[in-house]
Amino acid sequence: MRTDITWEDPFCGEGNNCFRIGTDPHGNAYIAVAGQEDTALTDTREALRTLILEIKAGKADHLL
C-alpha cells in the first residue's frame, strides 16, 4: 500500500459499507472501500471536488 496517501476516516453506511477518501502530496485524490485502499480509484483533487459538489447538488439522488 502507498504510504504517501493521507486517508480520511471511513464514511460508513449500514453494516460494513465504508468508503475512504484520501489525498497525496502530488495533487491526486483517492476513493477506496475501507480495507481495500490498495485498489483505490485515482483522479485529481479537482475531479474529487467536482464529484462531491455534484453529489451535494443532488445529481446522484436517483441512486439512493
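Since we're looking at a predicted model, the values are computed, not measured.

Novice: Teacher, can you tell me more about the overall build of the protein chain here?
Specialist: In terms of helices and strands, the protein chain carries 1 helix and 5 strands. Structurally, the protein chain occupies a C-alpha span of about 35 × 30 × 15 Å along its principal axes. Looking at the 64 residues of the protein chain, the share that counts as buried comes to 17%. Counting only contacts in the protein chain whose residues sit at least 6 apart along the sequence, the fraction spanning at least 24 positions is 11%. Of the side-chain charges in the protein chain, 6 are positive and 11 negative, and the distance between the mean point of each set is 6 Å.

Novice: How should the state of the cysteines be read in this particular structure?
Specialist: Note on terminology: disulfide describes a covalent bond linking the sulfur atoms of two cysteines. Applying the stated criterion across every chain, the model contains 1 disulfide. A sulfur-sulfur distance of 2.1 Å marks the disulfide that ties C12 to C18. Across the S-S bond of C12 and C18 the torsion is about 110°, and the bridge reads as right-handed. For C18, a relative accessible area of 13% gives the class buried.

Novice: How should I be thinking about the environment of F11 in this particular structure?
Specialist: Mapped onto the elements, F11 comes out in strand β2 (residues 11-12). Linking F11 and A34, residues 23 residues apart in sequence, is a C-alpha distance of 8.6 Å. Setting aside residues up to four positions removed in sequence, F11 forms contacts with N17, C18, F19 and I21.

Novice: When you look at the side chain of R20 in this model, what are you seeing that I'm missing?
Specialist: Checked against the element boundaries, R20 lands in strand β3 (residues 18-23). Of the polar contacts made by the side chain of R20, one reaches the backbone oxygen of E8; its length is 3.0 Å. Residues in contact with R20, not counting those within four places in the same chain, are W7, E8, P10, Y30, I31, A32, A34 and E37.

Novice: Looking at this model, I keep getting lost on the pattern of salt bridges. Mind explaining?
Specialist: Pairs can form between side chains of opposite charge whenever their charged atoms are close. All told, the structure shown has 3 salt bridges when counted by the stated rule. A salt bridge links R20 to E37; the shortest N-O distance between them is 3.1 Å. Of the two residues, R20 is situated in strand β3 and E37 in the loop between β4 (28-33) and β5 (41-44); the sequence distance between them amounts to 17 residues. For the pair shown, R20 and E37 are each scored as buried. A salt bridge links K59 to E54; the shortest N-O distance between them is 2.9 Å. In this structure E54 comes out as partly exposed when scored by relative accessible area, which is 31%.

Thresholds, definitions, all that
Residues numbered from 1 in each chain as written. Predicted model: local features only at pLDDT ≥ 70, side-chain atom pairs only at ≥ 80, totals over all residues. Heavy atoms only, no water. Helix = DSSP H or I, 4+ residues; strand = E, 2+ residues; numbered from the N terminus. Buried < 20%, exposed > 50% of the residue type's maximum accessible area, 1.4 Å probe, protein only. Contact = heavy atoms within 4.5 Å. Lys, Arg positive; Asp, Glu negative; His and termini not counted. Charge placed at Lys NZ, Arg CZ, Asp CG, Glu CD. Disulfide = S-S within 2.5 Å. Polar contact = N/O pair within 3.5 Å; in protein donor to acceptor, adjacent residues only side chain to side chain. Salt bridge = Lys/Arg side-chain N within 4 Å of Asp/Glu carboxyl O.

Interpretation in functional terms is not warranted from these geometric data alone.
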